[in-house]
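Observations on chain architecture
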Amino acid sequence: MRQSWRIFLYRNYQRSSIKISNPFQVLPKHSPSLLRSLSSSLHTLALQNCHFSETHQKPKLYNKTPLFARNFSSESSLVEPTNDPDHVLLVCDAFTKFDEFDDISKELELHSVVINHDLVLKVLKSLESKPEVAKRFFDWVLEKDSGRLSSKSYNCMLGILGVNGLVVEFWDLADKMKINGHGVSGVTRDRVQEKFEKEGLKDDLEKLKGVFARGSVDNSVEKIGLRVSRIVRNRVWGEDVEGEIKHFCAEFSSDLVKIVLEHLVMEPMKALIFFRWVEDNGLCKHDGRSYNAMARVLGREDYIDRFWKVIDEMKSNGFEMETGTFDTVLARFMSRKMIKEAIDLYEFAMNGANKPSAKCCTYLLRKIVVGKQMDMVLFSRVVEVFTGNGNVLTDPMLDAVLKALTNVGKFGECNKVLREMKVAGFVASGNLQRKIAFGLTRAGMNDEANEFVDHMESSGRDLSYKAWASLIEGHCVSGDLEKASDCFKIMIEKKGVSGARYAFELLVNAYCCKNRAMDACNLLHDYVRQNHLCPWQTTYKVLISKLLVQGAFKDALNLLGLMQSHGIPPHIDPFFEFVSKSGTGDDAIAFMNAMTTKKFPSISVALRLFKALFKAQRHDEAQDFLSKCPIYIRNRDDVLNLFCSKKFSKDTTTTTVSV
């Protein structure tokens, strides 16, 4: 019976459900399957922004924000920790301003600061030049929760004392570390040794060298853990292995257990046997560090059931999942495309004290939509647990999902995403409406575009004029001008013409680019007459120029009258070129009449047209135009002088040719 727990280890554990403190959601059963171990570390780089936020639930003790999270770990997370930089500054400021620990605790509680291993290291690093403040902080952590300080924390503090010349305090702490089973690291030794040499502290330098000569590093908890892991890894587990481990380890600690487990990452079953054996034999009571280390080892495809058993056991014992554990295991799941298992893990973490950040939510949503089968149930689960914890969906999150859909050629599925996000109370803003509208119509997804319009209207937020313009522009880019015209017509019916001029110019430009200026001209007349649309001056300019290029002189002239009726200065420049090169005297008179409001146009316009005709060597047409002009133009000195000069020039040229 003494070893009956070993048989229990090899049973298949089925995790029935996750215990959830969030009343808004009950998670389904888990049936995961997970990843190989070592190559997963590389994938962690993809999650560099997917860390824990600093949002913490209210604790059971004291009914206020806990000052200590059970996640002190000497292991550096494969993903950079996400302690709020403001919290580092707050802690440093609190220990600088106050001397009394009670005052410091109140200050930190007031700002909801939770002390964890990552934050301890960051604060100590920030206080390297202030050894007194750093020591006050370290002593405070030591007093509040001494078992939570790791070997790395001790070495960081020891280095600060040494490099700042606090020799007495340095040796006092070194002695405490030895008692607690922590060795002086080589990095700390080198830093302090350089300081001792510079200050001429020969006795202390010799003492430091003596400590290492006696095996400070070799007998450190790190080295002992490495030796134990080698024994476990290379031998078949039995009583002889147990005896040898006990011989090496006079005292077991969670730091030692954690180090052993880290070195057994390639032997998950042996790691689990060691983990259970340590506690069942009363050698060490597992805490958050050892539980998290075990979870990181088991977080793989072929041990997924045991992973969830350890995770649930850890939570039931009051410990939380660490940043490194979540990031590492999530990276493994994602590298094996185990999306469902990743969502299970995300839900578990979101219902704990240390919650993943909003960037992690975005990352998961992107991964879900780019899968072969876009599983909207999983998408909904991520959205629900994210918003159920008091968070809100944002435009950048939707934009990231839309980019992911675009990259895999599934932009037409965006309405599914919008529906799920609408359930959580999110409606796309104007800029995203434009992006979606243009993307759908440009790709010819007319049904999806109509569905998008219906979705926006059912959400209580009608499409803006700019979003409608994007729909029309997309149709134009795809070459479907009839759809673009229909879309413009629907926009006018729903929203009127007050903001329709930009969309109409897009439509006119598209028609002109397709050499369909007459169709554009007919549309303009219809909307001006029936809906009182007032196009922009630039719209008129483009259309007039295109009509003249296509020889539609009379239709272009008609637009001059519309421009004047809208109070827009008529666009006459293209007419001078057209009449001078291909027009007749009658065309010139028609042009002048089209510009007429109360009387015939000014002399300056007539003179400009005469000069254009002469420049084009069309003297007969100029003479014909002159004969049809009003007498007050024909008899003007500047007009007569122009014609006389051109006639003299012509006669001179003729005489020269005859000679």
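Each value, and the rule that gives it
Residues numbered from 1 in each chain as written. Predicted model: local features only at pLDDT ≥ 70, side-chain atom pairs only at ≥ 80, totals over all residues. Heavy atoms only, no water. Helix = DSSP H or I, 4+ residues; strand = E, 2+ residues; numbered from the N terminus. Buried < 20%, exposed > 50% of the residue type's maximum accessible area, 1.4 Å probe, protein only. Contact = heavy atoms within 4.5 Å. Areas by Shrake-Rupley, 256 points an atom, 1.4 Å probe, with all protein chains shown as cover. pLDDT = per-residue confidence, 0-100. Patch = residues over 30% accessible without salt bridge, like charges linked within 9 Å, V, L, I, M, F, W, Y side chains within 5 Å. Salt bridge = Lys/Arg side-chain N within 4 Å of Asp/Glu carboxyl O. Lys, Arg positive; Asp, Glu negative; His and termini not counted. Charge placed at Lys NZ, Arg CZ, Asp CG, Glu CD. Phe/Tyr/Trp six-rings, centres within 6.5 Å; stacked < 30°, edge-to-face > 60°. Lys NZ or Arg CZ within 6 Å of the ring centre and 35° of its normal. Polar contact = N/O pair within 3.5 Å; in protein donor to acceptor, adjacent residues only side chain to side chain. UniProt positions renumbered as here; feature names shortened; annotations may be inferred. Axes fitted to C-alpha atoms, helices over the stretch in contact; angles between N-to-C directions. Parallel < 35°, antiparallel > 145°, perpendicular 65-115°, else oblique. Left-handed = near helix turned anticlockwise from the far one by under 90°. Nonpolar A, V, L, I, M, F, W, Y, C, P; charged D, E, K, R; others polar. Core = buried A, V, L, I, M, F, W, Y, C linked by side-chain atoms within 4.5 Å.

**Concerning the overall build of the chain**
Regarding its fold elements, the chain presents 36 helices and zero strands. Looking at the chain as a whole, 51% of its 659 residues are labelled buried. By sequence separation, contacts in the chain at least 24 residues apart represent 72% of the contacts at least 6 residues apart. Element-wise, carbon and sulfur atoms account for 51% of the exposed surface of the chain, whose accessible area totals about 31200 Å².

**A closer look at the confidence of the model for the chain**
Averaged over the chain, the pLDDT score is 81; the fraction of residues at 70 or greater is 82%. Per-residue pLDDT, averaged within each element of the chain, yields its smallest value for helix H2 (residues 40–43) (36) and its largest for helix H20 (residues 376–388) (96). Contacts of residues 1–14 to residues separated by more than four positions or lying in other chains number 28 contacts, the stretch itself having pLDDT below 50. Every residue in residues 651–659 scores below 50 in pLDDT, and together they form zero contacts with partners more than four places removed in sequence or on other chains.

**Some words on a negative patch on the surface**
A cluster of acidic residues, Glu-100, Asp-102, Asp-103 and Glu-143, forms a negative patch at the surface. Take Glu-100: it is sitting in the loop between helix H3 (85–97) and helix H4 (101–110). In this structure Glu-100 comes out as exposed when scored by relative accessible area, which is 52%.

**Looking at the packing of aromatic side chains**
Two measures describe an aromatic ring pair: the distance that separates the ring centres and the angle between the ring planes. Applying the stated criterion across every chain, the model contains 24 aromatic pairs. Where Phe-610 meets Phe-625, the ring centres are 4.7 Å apart and the plane angle is 40 degrees; that geometry is what we call tilted. With Phe-610 in helix H33 (residues 603–615) and Phe-625 in helix H34 (residues 619–627), this residue pair connects regions lying 15 residues apart in the sequence. By the burial criterion, Phe-610 is buried, and Phe-625 matches it. Grouped by ring-pair contacts, the aromatic residues Phe-553, Phe-575, Phe-576, Phe-578 and Phe-591 constitute a single cluster. A cation over a ring is seen here: Lys-315 above Phe-348, with NZ or CZ 5.5 Å from the ring centre.

**Regarding the side chain of Ser-290**
Positionally, Ser-290 belongs in helix H15 (residues 288–298). For Ser-290, a relative accessible area of 0% puts it in the buried group. In terms of polar contacts, Ser-290 uses its side chain to reach the side chain of His-286, at 3.2 Å. For Ser-290, the residues in contact, after removing those within four places along its chain, are Ser-254, Val-257, Leu-261 and Phe-275.

**With respect to the UniProt feature "repeat: PPR" (unreviewed entry) in the chain**
Residues annotated in UniProt with the feature "repeat: PPR" (unreviewed entry) correspond here to residues 287–321 and 536–570. Summarising residues 287–321: 69% helix, 0% strand, and an end-to-end C-alpha distance of 11 Å.

**Observations concerning unusual backbone geometry**
With a phi angle near 55 degrees, Lys-337 is a residue other than glycine that sits in the positive phi range. One can find Lys-337 in the loop between helix H17 (323–335) and helix H18 (339–350). The backbone of Gln-617 shows a phi angle near 60 degrees, a positive value even though the residue is not glycine. On the secondary structure map, Gln-617 appears in the loop between H33 and H34.

**A closer look at the pattern of salt bridges**
All told, the structure shown has 29 salt bridges when counted by the stated rule. A salt bridge links Arg-296 to Glu-322, with the shortest nitrogen-to-oxygen separation between them at 3.4 Å. Of the two residues, Arg-296 is situated in helix H15 and Glu-322 in the loop between helix H16 (304–316) and H17; the sequence distance between them amounts to 26 residues. Classification of Arg-296 as buried rests on a relative accessible area of 5%. Connected via shared salt-bridge partners are Lys-340, Asp-344, Glu-347 and Arg-381.

**Here we look at helix H31 (residues 573–582)**
An α-helical turn contains 3.6 residues, so a residue and the one three or four places further along point in the same direction. For H31, the complete set of buried residues consists of Pro-574, Phe-575, Phe-576, Phe-578, Val-579 and Ser-580. At its buried positions, H31 is contacted by helix H29 (537–549), helix H30 (553–565), helix H32 (585–594) and H33.

**Quick notes on the environment of Val-236**
Within the secondary structure layout, Val-236 lies in the loop between helix H11 (221–234) and helix H12 (239–248). Expressed as a C-alpha distance, the spacing of Val-236 and Lys-270, which sit 34 residues apart in the sequence, is 9.0 Å.

**A closer look at the packing of helix H28 (residues 517–531) against H29**
The N-to-C vectors of H28 and H29 enclose an angle of 140 degrees; their axes lie 9 Å apart at closest approach. Viewed along their axes, H28 and H29 adopt a mutual orientation that is oblique. Of the two elements, H28 crosses H29, and the hand of that crossing is left-handed. Here Ala-517, Met-518, Ala-520, Cys-521, Leu-524 and Val-528 of H28 lie close against H29, whose contacting residues are Tyr-540, Leu-543, Lys-546 and Leu-547. Considering only residue class, the contact of H28 with H29 consists of nine nonpolar, no polar and one charged.

**Remarks on the nonpolar core**
In terms of nonpolar packing, the biggest core is built from 163 residues, with Ile-245, Phe-274, Phe-488, Phe-591 and Phe-610 touching the most fellow members. Beyond its immediate sequence surroundings of up to four residues, Phe-274 is in contact with Val-228, Val-232, Trp-237, Ile-245, Phe-252, Val-257, Val-260 and Leu-261. One finds Trp-140, Leu-149, Met-157 and Trp-171 within the second-largest nonpolar core, a separate group that totals 41 residues.

**Topic: the environment of Ser-582**
Its location among the elements puts Ser-582 in helix H31. Spatially, the C-alpha atom of Ser-582 lies 9.5 Å from that of Arg-618, the residues being 36 residues apart in sequence.

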